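Residues per chain are reported as follows:
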Amino acid sequence: MSTLNEHHKFEDVCRALVRQRITRNILAATGPVSAGGDQGRDFETFLSYSKENVQDAGVFFGLENDQVVVFCCTLQTSNVRRKILTDVSTVLQSTSAPPVDAIFYFAEADISVSHRHKIAREVLTEHDMRLEIIDGNSIAEMLSEPELLWIAREYLNVSTELVNGMHESGPVDRVLSTGSVIVRSPFDLDPIRDLGVHPSMQLDEWVGITPYVRRSVDDDLDALLGQGIGFVVLEGNSASGKTRTAYEALARSVEVGGERAIVVAKDGISLRALISAGFRLENTVVWLDDLEKFVGADGLDEGLIRLFSGSGVLFLATLRSAAKGAMASATAGTPGRSLSTISKAVLAGATRIRIDRTLNDEEIRSVGRQRSDRRISMALNKAGHAGFAEFLAAGPATLERWRDGQDGANEVGAALISAAIDFRRAGYFSPIPQEWIEAAFSAYLDPRTAKRVDPFQLGDAISWATEPVHGASSCLEVAGDRLFSPFDYLVDHAQDEEADQNRVSSNDPSRILKTIPDVIWHEIQDRITLDDPSYMSCVATSSLSFHPGLMMRYEVLVEKGVMAPESMHDPGVLLNFVRSCVEASLCIPCHVSILKLEMRAVLKALLDEFGTISKDAHTRPTESQIVAVDGLYSLANNEAILTNNSSPIHEAASHFPPDKWEEVGRFFMEIDAPTEGRLWVLFSEAQKGLPVRWPVSLRKNYGIAIRLPGAPKDTDEP
């Protein structure tokens, strides 16, 4: 690396080693020390003098057990002793930084043990400072350890064959050596890099991860994790604090119940590979951040969970609401169990806890000394409109960056973000290929600007769009090799903004989808495959839009028998379909007919989910339960659906006990929807064969009241 002048790559290796072996709290620098700019992924402390004065050395910072530790690294191979002593002196001469407790120095050159000890003694004598020197030979030895081989592969481009040859091992070790699964103590895991905790915004002297603000679900989580077994899923919107809450609960469980190994896999295939290799999950915690990455026929299913249910295994997962909806609408392209079927079976055995974006009054009152961190104080002040956790993840700041880009700061980058957002709004919940975004972004630019965009400018725009804001979230998040996802905060904002404008400017709810450019619909229709997890989501959205091409193609596949018949009855798919109809104020039976679904299956999905609603007023309904209630309300809200005997719902409803419909009616009466409730009760009586006199309308008359002459005046009239 010294020959190629690859300072940044050496710093990457050193940072990874430090996080695995020394301290987890490392802060990213703004650029290479030698150049003073942003080239590659360097590391620096918030001690700003280091970047300017320590030449050819990356400096980064760690805080552990109230100690200040400085890390330096260099590729210099000549006069290494002088180099180390000079850099140490520079670090310690600053008067503007906190006192340093220890210095770790990484050098590519091999340094004998006697020389390392001699240099360390010189530093101790002159500065009364502990110095640890890790030379090239020591670094190479650490990189050969099984759990660190991924560093050599990722940063040094070491081939898989060479890595596998470095460590003769059994099947389990071979899986671990790929880096796709790590098994470690919770104290050896980085909450941001290893577990997926959103990095907090970095603000002046307030850096690193913020202090944890207690959530009202913590007691319930502690009780569940205290049992040491089971399947716990934290659900909620993006940037609501799910992963941080789960991590803190895990840390508390260690303090109470003792240390357990944590299994962190890249995806469901990797987890299954580890188990198939013979790894015993007993007395472990399986960490499943973003559960949708793990669920599937070749990954995590209900059978795998049942297999270890009595073996002291705790499955701890997080799940975004949007991802849950995407799984619910995903269907296999060939006969067999669809993803929606598997996901519903998996979640059926889980204890689900919902995390809100905003803090409730109890949570706000519990905040004490955490307010001393200015980021938390700012988030509490903004929580009313932005949400506490999402503010810490720089949600409003990413929105401002996107808007600034549209206003001229980086129009091409903003157009890329806009295209990704509209792919998501069109129902595509999977990571979006770069080719799709590049094919659509020009629709968001002035035609003259779009014609002038060259590949170099496009590359710079992607870098701008994926750059973390305040060291936290980015507008366009990297989700894989040439795969991107828009920050969910921006998607929610765009959708809410369109909904607000629709209520003001038009009575046509479909206008929300109409604002999505034609090119988005065309790209999805031309590029999406049957086995894409977002296929059915896009079909459902297409059926509600002015671009029904994908829906029409889907109809042809159904007629030809290409689509799996059982997937058309999957409750998750049907509930997602109902949600799409409700949000666009469209007739559910009409669209059942258009998509060639079965009304009986739709009603069964609604009733089954409705039947899970708890009678406890303090129990928050799940998202699926809310969809079921909304769907049943929508059916009654259009009176003709229930009152017209020729409506398709009458024949379908005959397959269910009439008392079910009466139960629905009583429920709506209890929640102050008497009109819809009365209609469902009458519908129940009609199903029993009783004579029913349907009212012309049960709705309030908001017209002018005309009083006959001589009639007594209503004293309550204003």
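Described in the following lines is the structure provided in the data block. (Residues numbered from 1 in each chain as written. Predicted model: local features only at pLDDT ≥ 70, side-chain atom pairs only at ≥ 80, totals over all residues. Heavy atoms only, no water.)

1. Some details on the overall build of the protein chain
- If you tally the helices and strands in the protein chain, you get 35 helices and 13 strands.
- Looking at the 718 residues of the protein chain, the share that counts as buried comes to 52%.
- Of the contacts made within the protein chain by residues no fewer than 6 positions apart, 70% connect residues no fewer than 24 positions apart.
- Accessible surface, the protein chain as shown: approximately 33800 Å² in total, 50% of it carbon and sulfur. (Helix = DSSP H or I, 4+ residues; strand = E, 2+ residues; numbered from the N terminus. Buried < 20%, exposed > 50% of the residue type's maximum accessible area, 1.4 Å probe, protein only. Contact = heavy atoms within 4.5 Å. Areas by Shrake-Rupley, 256 points an atom, 1.4 Å probe, with all protein chains shown as cover.)

2. A short note on helix H22 (residues 455-466)
- For H22, with twelve residues, the first-to-last C-alpha span of 17 Å sits near the 16 Å given by 1.5 Å per residue.
- Residues of H22 that are buried include every one of Leu 458, Ala 461, Ile 462, Trp 464, Ala 465 and Thr 466, and no others.
- Between the side-chain oxygen of the N-cap and the backbone nitrogen of Phe 456 there are 3.1 Å, and the N-cap of H22 in question is Asp 454. (Expected span 1.5 Å × (residues − 1). Polar contact = N/O pair within 3.5 Å; in protein donor to acceptor, adjacent residues only side chain to side chain.)

3. A word on helix H4 (residues 113-127)
- With 15 residues, H4 should cover 21 Å at 1.5 Å per step; its first-to-last C-alpha distance of 21 Å lies within 8% of that length.
- For H4, the set of buried residues is Arg 116, Ile 119, Ala 120 and Val 123. Looking down the long axis of H4, one finds its buried residues gathered within 100° of arc, a one-sided arrangement. More than 90 degrees from the buried face of H4, the exposed residues found are Arg 121, Thr 125 and Glu 126.
- Elements that come into contact with the buried residues of H4 comprise helix H3 (80-93) and strand S4 (130-134).
- Positive phi appears at Asp 128, one or two residues downstream of H4, with a value of about 55°. (Arc of directions from axis to C-beta.)

4. Here we look at the packing of aromatic side chains
- According to the stated counting rule, one finds eleven aromatic pairs in the structure shown.
- Consider the rings of Tyr 633 and Phe 668, whose centres lie 6.0 Å apart with planes at 55°: the pair is tilted. Of this pair, Tyr 633 sits in helix H31 (residues 623-637) while Phe 668 sits in helix H34 (residues 658-670), and the two are 35 residues apart along the sequence.
- What makes Tyr 633 partly exposed here is its relative accessible area of 33%.
- With a centroid separation of 5.8 Å and an interplanar angle of 85°, the aromatic rings of Trp 661 and Phe 683 are classed as edge-to-face. With a gap of 22 residues between them, Trp 661 in helix H34 and Phe 683 in helix H35 (residues 674-687) connect regions that are remote in the sequence. A single burial state applies to Trp 661 and to Phe 683, both of which are buried.
- Cluster of aromatic residues (ring-pair linked, three or more members): Phe 610, Tyr 633, Phe 667 and Phe 668. (Phe/Tyr/Trp six-rings, centres within 6.5 Å; stacked < 30°, edge-to-face > 60°.)

5. As for the sheet that holds strand S13 (residues 483-486)
- Taken in spatial order, the three strands make up an open sheet running S11-S13-S12, and their pairing is antiparallel. In this open sheet, the two strands that pair with only one neighbour each are strand S11 (432-433) and strand S12 (476-480).
- Pairing of S11 with S13, which is carried by two bridges, proceeds in the antiparallel orientation. Looking at the pairing, Pro 433 lines up with Leu 483 of S13.
- Relative to the sheet, helix H19 (residues 411-425) contacts S11, S12 and S13, its axis offset from that of S13 by approximately 80°. (Pairing = 2+ DSSP bridges. Axes fitted to C-alpha atoms, helices over the stretch in contact; angles between N-to-C directions.)

6. Looking at the packing of helix H26 (residues 535-544) against helix H27 (residues 549-560)
- Taken N-terminus to C-terminus, the directions of H26 and H27 make an angle of 120°; their axes are 7 Å apart at the nearest point. The orientation of H26 with respect to H27, classified from their angle, is oblique. The hand of the H26/H27 crossing is left-handed. Counted together, Tyr 535, Met 536, Cys 538, Val 539, Ser 542 and Ser 543 of H26 and Gly 549, Leu 550, Met 551, Tyr 554 and Leu 557 of H27 form the full contact between these two elements.
- Residues that form the contact of H26 with H27 fall into these classes: eight nonpolar, three polar and no charged. (Parallel < 35°, antiparallel > 145°, perpendicular 65-115°, else oblique. Left-handed = near helix turned anticlockwise from the far one by under 90°. Nonpolar A, V, L, I, M, F, W, Y, C, P; charged D, E, K, R; others polar.)

7. Some details on the nonpolar core
- Formed by 89 residues in total, the largest nonpolar core has its most connected members in Ile 524 and Trp 680.
- The biggest single contributor to this core is H19, with nine residues.
- With near-sequence residues (within four places) excluded, Ile 524 lies in contact with Phe 423, Ala 426, Tyr 428, Trp 436, Cys 538 and Leu 550.
- Counting 33 residues, the second largest nonpolar core, distinct from the first, contains Leu 271, Val 286, Ile 305 and Ile 342. (Core = buried A, V, L, I, M, F, W, Y, C linked by side-chain atoms within 4.5 Å.)

8. A short note on the pattern of salt bridges
- As enumerated under the stated definition, the model contains 24 salt bridges in all.
- One salt bridge in this structure joins Asp 422 and Arg 425, with 2.8 Å as the shortest N-O distance. A residue pair is termed a helical-turn pair when its members lie 3 or 4 positions apart in one helix, as Asp 422 and Arg 425 do in helix H19 at three residues.
- The class for Asp 422 is buried, based on a relative accessible area of 6%.
- For Arg 425, a relative accessible area of 10% translates into the label buried. (Salt bridge = Lys/Arg side-chain N within 4 Å of Asp/Glu carboxyl O.)

9. With respect to the sheet that holds strand S9 (residues 314-320)
- Strand order in the open sheet made by the six strands is S5-S7-S8-S9-S6-S10, with mixed pairing throughout. Sheet topology places strand S5 (181-184) and strand S10 (351-354) at the edges, where each strand pairs with a single neighbour. Along the sheet, successive strands turn relative to each other by an average axial angle of 20°, direction set aside.
- Where strand S8 (residues 284-288) lies against S9, four bridges are found, and the strand directions are parallel. Of the residues in S9, the one forming a bridge with Val 285 is Leu 314.
- Against the sheet, helix H9 (residues 218-226) contacts strand S6 (230-236), S9 and S10, and its axis sits at roughly 155° relative to S10.
- The sheet contacts of helix H10 (residues 242-257) involve S6, strand S7 (261-265), S8 and S9, and relative to S9 the element is tilted by about 160°.

10. Comments concerning the pairing of strand S3 (residues 102-107)
- Burial analysis of S3 places six of its six residues in the buried class, which makes it a mostly covered element.
- Burial along S3 is two-sided: Ala 102, Phe 104 and Phe 106 and Ile 103, Tyr 105 and Ala 107, pointing in opposite directions, are all buried.
- Where S3 and S4 come together, five bridges link them in parallel fashion. Bridging from a neighbouring strand, Tyr 105 pairs with Ile 133 of S4.
- For the crossover that starts at S3, traverses H4 and ends in the parallel S4, the hand is right-handed. (Right-handed = clockwise from strand over helix to strand, strands pointing away.)

11. Describing the packing of H31 against H35
- Contact geometry of H31 with H35 gives a least axis separation of 9 Å together with a crossing angle of 80°. Accordingly, the angle class assigned to the pair H31 and H35 is roughly perpendicular. Seen from H31, the contacting residues are Leu 632, Tyr 633, Leu 635, Ala 636 and Asn 637; seen from H35, they are Glu 676, Leu 679 and Trp 680.
- When its residues are assigned to classes, the contact of H31 with H35 shows six nonpolar, one polar and one charged.

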